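Listed here are the chains, written in short residue letters.
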Amino acid sequence: RDLIEPHLQQVPLPTGQLLEQEGQPSSALYLPLRGGVSLELGSGKRAVQLTLIGRDGLIGTSLLLGGMALGTARVQFEGTAWRMSADALQACLEKSPQLHRHLLIGVSRLLARISRVAWASARGTVESRLAAWLLAATDCLEEDHIRITHEAMSEKEIVTASSQP
């Protein structure tokens, strides 16, 4: 923590903000404190939400793995996050292999969540996928009330699974 703390900047996450673009290098690592970030594949009405990332996740995994962003990360529910530039992160990772291993645990959790989403998409009903998404959103937001319209939910195919297999 002492190594990365000087490089962390708390930033607002307004609804709609693009944090990373599919197929592009990530410019920063984001650690959400409040709010929810949608990780999506595709664009427009053909976009599919892979998962919703909240306070227990991270955005910018390509900085830890090398390569390009897995999907598009867009703020769905406004909030705040810690932001660390790619250059600062790289410098910290070079100083601490333990930090790299610790952050890779977050990547592993994200991949497990996306795997559950794929399973739910293939096996679950629309109702069960929607229920799982609503549970994930309330957990992500730490609130019982979600401010989202039916229209917004219909714009993307919601296929999120809960944290339980």
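Residues numbered from 1 in each chain as written. Predicted model: local features only at pLDDT ≥ 70, side-chain atom pairs only at ≥ 80, totals over all residues. Heavy atoms only, no water.

As a further point, take the overall build of the protein. Secondary structure assignment for the protein yields five helices and six strands. Put simply, the protein runs from its N terminus to its C terminus through helices and strands in the order β-β-β-β-α-β-α-α-α-α-β. Dimensions along the principal axes, computed over C-alpha positions, put the protein at roughly 45 × 30 × 25 Å. Scored against the burial criterion, the 165 residues of the protein give a buried share of 41%. Considering only residue pairs separated by 6 or more positions, the protein has 79% of its internal contacts joining residues 24 or more positions apart. Working note: accessible area of the protein is about 9,500 Å², and carbon and sulfur atoms make up 53% of it. Taking the average place of the 16 positive charges on the side chains of the protein and the average place of its 17 negative ones, the gap between the two points comes to 3 Å. (Helix = DSSP H or I, 4+ residues; strand = E, 2+ residues; numbered from the N terminus. Buried < 20%, exposed > 50% of the residue type's maximum accessible area, 1.4 Å probe, protein only. Contact = heavy atoms within 4.5 Å. Areas by Shrake-Rupley, 256 points an atom, 1.4 Å probe, with all protein chains shown as cover. Lys, Arg positive; Asp, Glu negative; His and termini not counted. Charge placed at Lys NZ, Arg CZ, Asp CG, Glu CD.)

Those residues of helix α2 (residues 86-95) not exposed but buried are A88, L89, C92 and L93. Each buried residue of α2 sits inside an arc of 135° when the element is viewed along its axis, so together they form one side. Turned more than 90 degrees off the buried face of α2, the exposed positions are D87, E94 and K95. Looking at the packing, one finds that the buried side of α2 touches β3 (28-41), α1 (62-65), β5 (72-85) and α3 (97-123). (Arc of directions from axis to C-beta.)

Locating P32 in the fold gives a position in strand β3. Taking relative accessible area as the criterion, P32 reaches 4% and is therefore assigned buried. As for P32 and L13, which are separated by 19 residues in sequence, their C-alpha atoms are 8.6 Å apart. Non-local contacts of P32, meaning those with residues more than four positions away in its chain, are made with I53, G54, R55, G57, L58, I59, T80 and A81.

With that settled, the discussion passes to the nonpolar core. Core analysis: the biggest nonpolar cluster contains 15 residues, and L13, L19, Y30, V37, L39, I53 and I59 have the highest contact counts within it. Those elements that place two or more of their residues in this core are β1 (9-13), β3, β4 (48-53), β5 and α3. Counting residues per element, this core draws most heavily on β3, which supplies four residues. Leave out the neighbours within four places in its chain, and I53 touches P32, G35, G36, V37, L39, L58, I59, L110, R113 and C140. (Core = buried A, V, L, I, M, F, W, Y, C linked by side-chain atoms within 4.5 Å.)

Moving on to the confidence of the model for the protein. Across the protein, the average pLDDT comes to 85, with 92% of residues at 70 or higher. Between the elements of the protein, mean pLDDT differs from a low of 53, seen in strand β6 (residues 157-158), to a high of 98, seen in β1. This stretch, residues 159-165, has a pLDDT under 50; its non-local contacts, to residues over four places away or in other chains, come to 23 contacts. (pLDDT = per-residue confidence, 0-100.)

It is worth spelling out the side chain of R113 at this point. Its place among the elements puts R113 in helix α3. Among the residues examined, R113 registers a relative accessible area of 16% and is labelled buried.

Helix-helix packing: each pair is described by the crossing angle between the helix axes and the interaxial distance. Running from amino to carboxyl end, α2 crosses α3 at an angle of 115°, the nearest separation of the two axes being 5 Å. Only P97, L99, H100 and L103 of α3 make contact with α2, whose side of the interface consists of L89, C92, L93 and K95. Per-class residue counts for the contact of α2 with α3 are six nonpolar, one polar and one charged. (Axes fitted to C-alpha atoms, helices over the stretch in contact; angles between N-to-C directions. Nonpolar A, V, L, I, M, F, W, Y, C, P; charged D, E, K, R; others polar.)

As a further point, take the pattern of salt bridges. According to the stated counting rule, one finds three salt bridges in the structure shown. Here E40 ties to R74 by a salt bridge, and the two come within 4.0 Å at their closest N and O atoms. Taken together, the positions of E40 in strand β3 and R74 in strand β5 put the pair 34 residues apart, joining distant regions of the chain. Note on R74: relative accessible area 31%, which makes it partly exposed. (Salt bridge = Lys/Arg side-chain N within 4 Å of Asp/Glu carboxyl O.)

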